[in-house]
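# Notes for the structure review
Given next are the chains, with one letter for each unit.
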Amino acid sequence: MIDFPALAEIVTKSPSKIVMLVADGLGGLPHPETRKSELETASTPNLDRLAGVSACGLTTPVLPGVAPGSGPGHLGLFGYDPVKYLIGRGVLEALGIGVPVAPGEVAARGNFCTVDEDGVIVDRRAGRIASEESAALVEMLDTIDVPGVQASVYPVKDYRFVLKLTGEGLSDQVTETDPQRTGAKPQDVEAIAPEAAATAKAVNDFIREAWSMLAEQPKANMLTLRGFSLLPHLPSMVDRYLLDPAAIAAYPMYRGLASLLGMKVIPTGGTFADEVATLRERWDEHDFFYLHYKPADAAGEDGNFDAKVETLEELDRFIPEVLALEPDVFMVAGDHATPSIMAAHSWHPVPFLLHSKWTLGEGVEAFNERALGAGSLGRFPAEHIMLQALAHADKLTKFGP
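These notes cover the structure that comes with them. (Residues numbered from 1 in each chain as written. Predicted model: local features only at pLDDT ≥ 70, side-chain atom pairs only at ≥ 80, totals over all residues. Heavy atoms only, no water.)

## Things to note about the overall build of the chain
A count of helices and strands for the chain gives 14 helices and 13 strands. In terms of its C-alpha atoms, the chain occupies a principal-axis envelope of roughly 60 × 50 × 40 Å. Here the chain, with 401 residues, has 58% of them falling under the buried criterion. Sequence separation of 24 or more characterises 74% of the internal contacts of the chain that already satisfy a separation of 6 or more. (Helix = DSSP H or I, 4+ residues; strand = E, 2+ residues; numbered from the N terminus. Buried < 20%, exposed > 50% of the residue type's maximum accessible area, 1.4 Å probe, protein only. Contact = heavy atoms within 4.5 Å.)

## Things to note about the side chain of R124
For R124, the location among the structural elements is in the loop between β4 (121-123) and α6 (131-141). Take R124: its relative accessible area is 13%, and that puts it in the buried class. Of note is the side chain of R124, whose polar atom sits 2.9 Å from the side chain of D178. Only 3.4 Å separates the side chain of R124 from the side chain of Q180, close enough to count as a polar contact. (Polar contact = N/O pair within 3.5 Å; in protein donor to acceptor, adjacent residues only side chain to side chain.)

## What to know about the sheet that holds strand β11 (residues 329-333)
Strand order in the open sheet made by the eight strands is β9-β8-β10-β1-β11-β12-β2-β13, with mixed pairing throughout. The strands lining the two open edges of the sheet, one partner per strand, are β9 (264-265) and β13 (378-381). Two elements, strand β8 (residues 245-248) and β9, share two bridges in a ladder whose sense is parallel. Its bridge partner being in β9, A246 is matched across the sheet by K264. (Pairing = 2+ DSSP bridges.)

## Some remarks on the packing of aromatic side chains
All told, the structure shown has eight aromatic pairs when counted by the stated rule. Judged by centre distance (4.9 Å) and plane angle (45°), the ring pair of F112 and F161 falls under tilted. One end of the pair, F112, is in strand β3 (residues 106-115); the other, F161, is in strand β6 (residues 160-166), with 49 residues separating them in the sequence. Both residues of the pair, F112 and F161, belong to the buried class. With a centroid separation of 5.7 Å and an interplanar angle of 75°, the aromatic rings of F352 and F380 are classed as edge-to-face. On the criterion of sequence distance, the pair formed by F352 in strand β12 (residues 350-356) and F380 in strand β13 is long-range, its members being 28 residues apart. Across the pair, exposure class does not vary: F352 and F380 are buried alike. Connected via pairs of aromatic rings, a cluster forms that spans F272, Y293 and F318. Taking the ring centre of Y251 as reference, the NZ or CZ of K157 above it sits at 5.5 Å. A cation sits over an aromatic face here: K294 above Y251, 5.7 Å from the ring centre. (Phe/Tyr/Trp six-rings, centres within 6.5 Å; stacked < 30°, edge-to-face > 60°. Lys NZ or Arg CZ within 6 Å of the ring centre and 35° of its normal.)

## A word on the packing of helix α5 (residues 89-96) against helix α9 (residues 252-260)
Where α5 meets α9, the axes come as close as 6 Å, and the angle between the chain directions of the two elements is 95°. Between α5 and α9, the interaxial angle falls into the category roughly perpendicular. Of the residues in α9, those in contact with R89, V91, L92, E93, L95 and G96 of α5 are P252, M253, R255, G256, L257, S259 and L260. For the contact of α5 with α9, the class distribution of residues is seven nonpolar, three polar and three charged. (Axes fitted to C-alpha atoms, helices over the stretch in contact; angles between N-to-C directions. Parallel < 35°, antiparallel > 145°, perpendicular 65-115°, else oblique. Nonpolar A, V, L, I, M, F, W, Y, C, P; charged D, E, K, R; others polar.)

## A closer look at the pairing of β12
Regular strands show a simple pattern: their side chains alternate between the two faces of the sheet. Most of β12 sits inside the fold, with six of its seven residues counted as buried. Bridge count between strand β2 (residues 55-60) and β12: five bridges; the pairing is antiparallel. Paired with L58 across the bridge in β12 is P351. Across four bridges, the pairing between β11 and β12 is antiparallel. Note that in β12 the partner of F330 across the bridge is H355.

## Observations concerning the packing of helix α10 (residues 272-281) against helix α12 (residues 305-323)
Contact geometry for α10 and α12: axes closest at 11 Å, N-to-C directions at 10°. By the angle between their axes, α10 is roughly parallel relative to α12. Along its contact with α10, which presents F272, A273, V276, L279 and R280, the element α12 presents L315, F318, E321 and V322.

## Quick look at the pattern of salt bridges
One pass over the structure, following the stated rule, counts 16 salt bridges. Here R109 makes a salt bridge to E93, at a shortest N to O gap of 3.1 Å. Taken together, the residues span a long stretch of sequence, with R109 in strand β3 and E93 in helix α5 at a distance of 16 residues. Residue R109 shares its accessibility class with E93, and that shared class is buried. A salt bridge links R125 to E301, with the shortest nitrogen-to-oxygen separation between them at 3.3 Å. One end of the pair, R125, is in the loop between β4 and α6; the other, E301, is in helix α11 (residues 295-301), with 176 residues separating them in the sequence. Each member of the pair, R125 together with E301, is buried. (Salt bridge = Lys/Arg side-chain N within 4 Å of Asp/Glu carboxyl O.)

Structure (structure tokens):
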């Protein structure tokens, strides 16, 4: 908990190293035919063995019953109250691709999508078009002229892009256009506060022009916008935890979040194999590493149970490489659950393990929701993970006399 009042009195530096591996969308639910979740179905011998010598449990990313986005889910993992420090997706995406966001500028996360002749969304991700295809569309959208506002559009990855608005008196207090489901039309942007009326009008003007430009595209014939946000100010992990933290993540949004928290973002390739290789190459430079694994979430959101099982098995094969570096604390966590049978983020508890010299095992025989729930950590707020990590890494002293 980065806001723990006595943290400054008990945190201390030490040479020990911490690795937090975040498997995006890690948690799942049982398949209705087999009654087994994706993790229970997958063959994960390395994670299973690790669970047997670790402290284990299930985390609640935000609050019971609340399905978080990736931003809030990750904030909790790093010890930030995800409600207090809520960050819009737009700023995270922008910073993640190296686009600076100045005070007063508003950024939004954009998706290309496919709509039918009635304007109803039939594919929220435009068939996951390739980055090369979407880059040309972004270049076209970047020419849109919005009166009184400079609208800049930047490619992110695949079907994703960033819209940044520059002008006087802009506000992020506007609604999103993405209905978060197929079978519905993109929504108009509305002002949540009176001072946001001009911003809402500017965004709606941009969308109308964009739809006209995209109308003849075979897949990406419309767009949605969400996560409107101004640049926030958050406590630094460097200052509060006395760490020298680094982030190794292929996807831009997670790099953006890490940079806001004070982590050094280390360039890496586009695969998890690249991330692990980067971890090995930069091992001597930092005492905290955040590794991000995306494929499990993507498969879950696609509603593809078998594909998510395969991504979890792929992740398992990398565990020995990370352990070979001999981190003093190694954690496997998830920012939220993405059950394939729901094809969406959910409110369900997320598997977690922590391995250190102080963990000798507690009878947990497998890395899955059912088995880990019997571990010594039980079900606890994800916000408490960092205190556990610091304690196991000998970076916390006694609290109180």
